[in-house]
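What the coordinates show
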Amino acid sequence: MSAFEEFDRLVSAKERAVVSSLTSPAGIQAFLDSIPYSPADFYRCPLRVLRDRTAHCFDGAMFAAMALRRIGYPPLILDMLSNGRDDEHLLALFKIGRCWGAVAKSNFVGLRFREPVYRTVRELVMSYFEQYYNLEREKTLRGYTGPLNLKRFDRLNWMTADETMERIAQRTDEIRRVLLIDAEMEQRLSPVDERSYQAGLSGSDPNGIYKPKG
């Protein structure tokens, strides 16, 4: 049984109709934006996101990868890496022509959807740099992983099995990493201005925001 067949076997007719209505990357993003941000510290597979109607960034990227795959895109994810004083952030990637875009669930306004206008993955990731910050107003994005194709986890039923999410998270810790800035650049970074800070936190759930220590 394929991963899609297993997913379709388990969903209800109503749930299947919801997924079938997500016919574009923007539509998938709209679905993620319509559900609350989850402050929970566990991972949900796409089926559970559909049923619980809540997700954090990891859950949202998993769901988006599943939904993108249903409409013809490879199920690709990418992990954006922080300076250790913020959460990492997961994207579901898609490519149209030569250009990359992304779908994402986030507690921050600026860390969600990107139109497919970026010629390289690095260029796409850098578009998040100014919006990637913590409660101390520090710009915290430092690097990213190479794209991971979730097709390799089909035999573990990643679309329907919560336990497979931990395996995927572990794999993102093992694959190639690309640094974006060096130590000298880091020392020159300015804090996020007040207007941008407040705009990025609009509508956020404070329970789901990383709180730096020290």
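Now for a quick tour of the structure. (Residues numbered from 1 in each chain as written. Predicted model: local features only at pLDDT ≥ 70, side-chain atom pairs only at ≥ 80, totals over all residues. Heavy atoms only, no water.)

1. A word on the overall build of the protein
We count it as follows: Strands are runs of DSSP state E lasting at least two residues, helices are runs of H or I lasting at least four, and both sets are numbered from the N terminus onward. Radius of gyration: over C-alpha atoms. The globule rule applied is 2.2 Å multiplied by the number of residues raised to the 0.38 power. Buried means the residue's accessible area, taken with a 1.4 Å probe over protein chains only, is under 20% of the maximum for its type, while exposed means over 50%, and partly exposed covers the values in between. Whether two residues touch is decided by their heavy atoms; if any such pair falls within 4.5 Å, the residues are in contact. Surface exposure here means Shrake-Rupley accessible area, sampled with a 1.4 Å probe, where a residue is shielded only by the protein chains that are shown.
In terms of regular secondary structure, the protein is built from nine helices and seven strands. Against the 2.2 N^0.38 benchmark of 17 Å for 214 residues, the protein shows a C-alpha radius of gyration of 17 Å, consistent with a compact globule. Among the 214 residues that make up the protein, the fraction classed as buried is 51%. For the protein, contacts bridging at least 24 residues in sequence account for 61% of all contacts bridging at least 6. Carbon and sulfur atoms make up 49% of the accessible area of the protein, which totals about 10,400 Å².

2. Some points on the environment of arginine 98
By the element assignment, arginine 98 lies in the loop between β2 (89–96) and β3 (99–103). Judged by relative accessible area, which is 60%, arginine 98 ranks as exposed. The spatial distance from the C-alpha of arginine 98 to the C-alpha of tyrosine 118 is 8.2 Å, given a sequence separation of 20 residues. Excluding its chain neighbours within four sequence positions, the residues that come into contact with arginine 98 are Tyr118 and Arg119.

3. Here we look at helix α7 (residues 163–172)
Note the cut-off: Taken from the helix axis, the directions to the C-beta atoms give the arc we talk about.
Of the positions making up α7, those classed as buried are Thr164, Met165, Ile168, Ala169 and Thr172. One face of α7 carries all of its buried residues, which in axial projection span an arc of 145 degrees. Looking at the packing, one finds that the buried side of α7 touches α5 (57–70), β1 (76–82), β5 (141–145), β6 (148–149) and β7 (177–179).

4. Re the packing of helix α1 (residues 3–10) against α5
Worth spelling out the cut-off: Working convention: axes come from line fits to C-alpha atoms, limited for helices to the stretch in contact. Angles between N-to-C directions cover 0 to 180 degrees. An angle below 35 degrees is treated as roughly parallel, one above 145 as roughly antiparallel, one from 65 to 115 as roughly perpendicular, and anything else as oblique. Residues were grouped as follows: Ala, Val, Leu, Ile, Met, Phe, Trp, Tyr, Cys and Pro as nonpolar; Asp, Glu, Lys and Arg as charged; and all remaining residues, including Gly, as polar.
As a packed pair, α1 and α5 sit with axes 12 Å apart at the nearest point and diverge in direction by 110 degrees. The angle between the axes of α1 and α5 places the two elements in the roughly perpendicular class. Residues Ala3, Phe4, Phe7 and Asp8 of α1 form the contact with α5, whose participating residues are Met66, Arg69 and Arg70. For the contact of α1 with α5, the class distribution of residues is four nonpolar, no polar and three charged.

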